[in-house]
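Below, each chain spelled out in residue letters.
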Amino acid sequence: MTMNPDDLKNPESWLPATRMVHGGTLRSQFAETSEALFLTQGYVYDSPEQAEERFKTESGGFIYSRYANPTVAMLEERMKLLEGAEAARCTASGMAAVSAALMCFLKAGDHVVAAKALFGSCLYVIQDVLPRFGVTSTLVDGRDVEAWKRAMQPNTKAVFFETPSNPCLDLVDIEAVSKIAHDAGALVVVDNVFATPIYQRPLALGADVVVYSATKHIDGQGRVLGGIVLGSQKYVNDHLHPFYKHTGGAISPFNAWIMLKSLETLSLRVKAQTEGAGLIADHLAHRLGSGVDRVIFPGRDDHPQAALARRQMKAGSTLVSFEVTGGKAGAFRFLNALSIIRISNNLGDAKSLITHPATTTHQRLKPELKAELGISDGLLRLSVGLEAPEDLMRDIDRALSALRV
Ligand SMILES: *Cc1c(COP(=O)(O)O)cnc(C)c1O
């Protein structure tokens, strides 16, 4: 179907901010302004003929909310428009999205290449779950394009990474790695949580599938869990949808409704949080040598991959990682002296949250891998929220002075 790009009724003619407010809206017979929350497990049919037809074609209406639901469908449509994807499925959590995105098409005998710097549960899926079903893997330094090339095998069917990565904000060159993967016949699955759909478009850079933990910036207010998988219509029809509808990873319509409303403010929130993160990164950089040993922020020129960040991301990140002096004791003293910034392992929230990865999210990793990934005992990962950046800087300065006493 060809669309007239000047037709303002066509959502594809809209800019992202408009898509996030109006995209995918389905109005019921009551013509409500705000998207309706359809809390229903099932649907009734006018006749057995209609039920038979619905099951045969899975079109023309809904069957069961494990397969699809009107509120969830609105969120899927809005996310499709935002990401520029042909199809999407929303899941109960980010991990339900990651596991469905990979398990729906991999089979015994296949091989996966993934970056070492992965969210802990993603690493568990690759290293502990997939091998039980005969899927092997190679982990590489995601920053090193040549390492990806060397790791490819004739049976490599998937390449998986996050960029920026957790917690050291390393980048993977999406375009270069996608090319290597495609030459080897593998599908590229990108976990785009840290960049958000506002700052990075993996599909436009060559990736095949994008996954999100909507729990993070998409809800952005610390309330509900959710996930999204986006890709081509063929990937969704042939692999994802059958797996999804029969294995039960569907999102609750209530959670989908929260996410749908959150998308309306996603770009405002992410922009304000990134601006705050940039100010805080610069503030921390001014304190290098006085309690701060290192600052990592993809929006700064001193990020080791600043050129790549400029090429594939529209802006920095809502996260800043930094190292304080004094190892674990120093990090804990810093954390205990904070008043506004709260200690938590979550991120992307309106509230600023800080994590000590070495003793929490990355506790399980062997010391050698921690060292290789740059997860030192003094490393902290700060997710910048919507508070006044000046208050956050005051909080940080207080905590830094606690390091000196
Ligand atoms: C949080 C997170 C996940 C998992 O999402 P959940 O919603 O917690 O299941 C996956 N990848 C990254 C990068 C994350 O930050």
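Residues numbered from 1 in each chain as written. Predicted model: local features only at pLDDT ≥ 70, side-chain atom pairs only at ≥ 80, totals over all residues. Heavy atoms only, no water.

Chemist: Just to check I follow, could you spell out helix 14 (residues 389–404) for this structure?
Modeler: The α-helix advances 3.6 residues per turn, and as a result positions three or four apart in sequence lie on the same side. Taking 1.5 Å as the rise per residue, helix 14 with 16 residues should run 22 Å; its terminal C-alpha atoms sit 23 Å apart, in good agreement. Among all positions in helix 14, only Pro-389, Leu-392, Met-393, Asp-395, Ile-396, Ala-399, Leu-400, Ala-402 and Leu-403 are buried. Contacts from the buried residues of helix 14 go to helix 10 (253–286), strand 8 (292–296), strand 9 (319–324), helix 12 (327–336) and strand 12 (379–383). (Helix = DSSP H or I, 4+ residues; strand = E, 2+ residues; numbered from the N terminus. Expected span 1.5 Å × (residues − 1). Buried < 20%, exposed > 50% of the residue type's maximum accessible area, 1.4 Å probe, protein only. Contact = heavy atoms within 4.5 Å.)

Chemist: Can you walk me through empty space enclosed by the protein in this structure?
Modeler: This model, assessed by the stated rule, comprises one cavity of 30 Å³ or more. Empty space within the largest cavity amounts to approximately 30 Å³. Lining the largest cavity are Val-193, Thr-196, Pro-197, Tyr-212, Ser-213, Lys-216, His-217 and Ile-218. Grouping the constituent residues of the lining of the largest cavity by class yields four nonpolar, three polar and one charged. (1 Å grid on protein atoms, 1.4 Å probe; cavity = no way out; pocket = protein on both sides within 12 Å on 5 of 7 lines; lining within 4 Å. Points joined across faces, edges and corners; volume = space filled by probe spheres on them. Nonpolar A, V, L, I, M, F, W, Y, C, P; charged D, E, K, R; others polar.)

Chemist: Can you walk me through the packing of helix 10 against helix 14 in this structure?
Modeler: Each pair of packed helices gets described by two things: the angle between the helix axes and the distance between those axes. Here helix 10 crosses helix 14 at 30 degrees, and the two axes come no closer than 10 Å. What the angle tells us is that helix 10 and helix 14 run roughly parallel. The two elements helix 10 and helix 14 cross, and the hand of that crossing is right-handed. Of the residues in helix 14, those touching helix 10 at Gly-276, Leu-279, Ile-280, His-283 and Leu-284 are Pro-389, Leu-392, Met-393, Ile-396 and Asp-397. Of the residues that constitute the contact of helix 10 with helix 14, the class distribution is seven nonpolar, two polar and one charged. (Axes fitted to C-alpha atoms, helices over the stretch in contact; angles between N-to-C directions. Parallel < 35°, antiparallel > 145°, perpendicular 65-115°, else oblique. Left-handed = near helix turned anticlockwise from the far one by under 90°.)

Chemist: Is there a simple way to think about the pattern of salt bridges in this case?
Modeler: A side chain with one charge can pair with a side chain of the opposite charge if their charged atoms come near. Tallied over the entire structure, the rule returns 23 salt bridges. Asp-219 is the salt-bridge partner of Arg-223, the closest N and O atoms lying 2.7 Å from each other. Residue Asp-282 is joined to Arg-300 by a salt bridge in which the shortest nitrogen-to-oxygen separation is 2.7 Å. Taken together, the positions of Asp-282 in helix 10 and Arg-300 in the loop between strand 8 and helix 11 (306–312) put the pair 18 residues apart, joining distant regions of the chain. A relative accessible area of 34% means that Asp-282 is categorised as partly exposed. Connected through salt bridges with shared partners, the residues Glu-35, Arg-78, Lys-261 and Glu-264 form a single ionic network. (Salt bridge = Lys/Arg side-chain N within 4 Å of Asp/Glu carboxyl O.)

Chemist: Got a minute to help me understand the sheet that holds strand 11 (residues 353–355) in this structure?
Modeler: Picture the strands of a sheet paired through backbone hydrogen bonds; they go either parallel or antiparallel. On the basis of which strands lie adjacent, the open sheet formed by five strands has the order 8-9-12-11-10 and mixed pairing. The open sheet is flanked by strand 8 and strand 10 (342–343), the only strands paired with a single partner. Taken together, the three bridges between strand 11 and strand 12 define a ladder with antiparallel strand orientation. Paired with Thr-355 across the bridge in strand 12 is Arg-381. Helix 12 contacts strand 9, strand 10, strand 11 and strand 12 of the sheet and is inclined by roughly 125 degrees relative to strand 9. (Pairing = 2+ DSSP bridges.)

Chemist: What exactly am I supposed to notice about the pairing of strand 5 (residues 187–191) here?
Modeler: A regular strand places its side chains on the two faces of the sheet in alternate fashion. Extensive coverage of strand 5 is indicated by the burial of four of its five residues. Of the pairings in the sheet, the one linking strand 4 (residues 156–162) to strand 5 comprises five bridges and is parallel in character. Following the sheet pairing, Phe-160 is matched in strand 5 by Val-189. Between strand 4 and its parallel partner strand 5, the chain crosses via helix 7 (residues 174–183), and the hand of that crossover is right-handed. Sheet topology note: the strand 5/strand 6 (residues 209–213) ladder contains three bridges and is parallel. Within the sheet, the bridge partner assigned to Val-190 lies in strand 6 and is Val-210. (Right-handed = clockwise from strand over helix to strand, strands pointing away.)

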